[in-house]
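Understanding the architecture of this molecule
Residue-level listing of the chains:
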Amino acid sequence: MLRSPGQPFGLYVHIPFCVTRCGYCDFNTYTPAELGGVNPDAWLLALRTELELAAARLDAPTLNTVFVGGGTPSLLGGERLTTLLGMVRDCFALAPDAEITTEANPESTWPEFFDAIRAAGYTRVSLGMQSVAPRVLATLDRVHSPGRATAAAREAMDAGFEHVNLDLIYGTPGESDDDLLRSVEAAIDAGVDHVSAYALVVEDGTALARRVRRGELSAPDGDVLAHRYELADARLTAAGLRWYEVSNWARPGGECRHNLGYWNGGQWWGAGPGAHGYVGATRWWNVKHPNAYAELVAGATLPVAGFEQLGADALHTEDVLLRIRLRQGLPVARLDAAERRRAEALLAGGADDALLVAEGDRLVLTDRGRLLADAVVRTLLG
């Protein structure tokens, strides 16, 4: 498998285990009851095999970033996450300044956990906070107490983590403007250097979607979502966290380099059940179920469920779709003549109407453009 030279390379590891399934979540996760019990040590052995197969296929590239996501990676505990990172080091070289992130749920962390993973070499923690409003957490089926996420963030920083993210969700049925603002304020007061804020999406097949369909809850309203985004953006900006991607704000140096790799067209290997990878012009995805995954790798077979080769048109579409979301913007040189003419229409109008602004040789979303980023992409691509 050929890698494009000169680009940063990342590794994503998917942990498929959760104690409970949140009502809004459609990620590839499994509770112990769904698996008939979980043996994390056996699963780690299967992951080691995939990492060994990946390193051989790729000729052991140097990793600039590692991101352990899920699911709930913190369910593995500090010792197993230490083992996992040791496996990565056994199979790949890590850049001296490699960013190594793990996601964590607040209710499955404690000070000793953060001490252990920091000592192991993790450099960044991303915590699922969602909200400080009890009614919002209840609607989302989150089990942590309202103050646990910010307490966990402080514990991570006390353990020596300079880079800590808190994830927020806005637009949950029953949420008020004050609920969101109190959540944003709590994240700021925690002292983290990164905040992500995502509009609630009602995904098909989730418990939340069934409740909306039965009329128990109202679907998120687009105008309310836009207003909540503006509220969050204004408060985060005032506190010194600058947007660098439509849904992400950071203090200088706090940007997530792994995710920037995705948005800038970088390459990565996706390991674990259901993980996606992208190398050269090939995208693939692994089988989803942990048992099927383990059976395949036990036979020294990469656990690939499917793949696609991206042609020039698909690569261009993704390039525009992802780069336009970044604060650094989309280079005009990446657009063809027709797309540049369409961009002119988006640049037109007064400060309140334009969706794009030209900054040197780049096109950057205006504040209004961030609210309509998908529409901007559709217009540019025609």
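So, here is what we can say about the structure in this document. (Residues numbered from 1 in each chain as written. Predicted model: local features only at pLDDT ≥ 70, side-chain atom pairs only at ≥ 80, totals over all residues. Heavy atoms only, no water.)

1. A word on the packing of aromatic side chains
Test applied: Two rings from Phe, Tyr or Trp (for Trp, the six-membered ring) form a pair when their centres sit within 6.5 Å of each other. Planes less than 30 degrees apart are called stacked, planes more than 60 degrees apart edge-to-face, and all others tilted. Numbering of helices and strands starts at the N terminus; helices are DSSP runs of H or I of at least 4 residues and strands are runs of E of at least 2. Accessibility here uses a 1.4 Å probe with only protein chains present; expressed as a share of the type maximum, an area under 20% marks a residue as buried, one over 50% as exposed, and anything in between as partly exposed.
The final tally for this structure, using the stated rule, is 10 aromatic pairs. On the basis of an interplanar angle of 55 degrees and a centroid distance of 6.4 Å, the ring pair of Tyr170 and Tyr229 is categorised as tilted. Placement of Tyr170 in strand 5 (residues 163–170) and of Tyr229 in helix 9 (residues 222–238) is noted, with a sequence separation of 59 residues between them. Each member of the pair, Tyr170 as well as Tyr229, is classed as buried. Measuring from ring centre to ring centre gives 5.6 Å for Tyr229 and Trp249, while their planes differ by 45 degrees; the resulting arrangement is tilted. Of the two residues, Tyr229 is situated in helix 9 and Trp249 in strand 8 (residues 248–250); the sequence distance between them amounts to 20 residues.

2. So, the environment of Arg378
Tracing the backbone shows Arg378 in helix 15 (residues 373–381). Once the C-alpha coordinates of Arg378 and Arg323 are considered, the two residues, 55 residues apart in sequence, prove to be 14 Å apart.

3. Quick word on helix 7 (residues 177–190)
Each α-helix turn comprises 3.6 residues. Residues three or four places apart therefore point the same way. Convention followed: To estimate the expected span of a helix, subtract one from its residue number and multiply by 1.5 Å.
Its 14 residues place the ends of helix 7 20 Å apart at the C-alpha level, agreeing with the 20 Å of an ideal helix rising 1.5 Å per residue. Buried within helix 7 we find Asp179, Leu180, Ser183, Val184, Ala186, Ala187, Ile188 and Ala190. Once helix 7 finishes, Gly191 follows within two positions and takes phi at roughly 90 degrees, a positive value.

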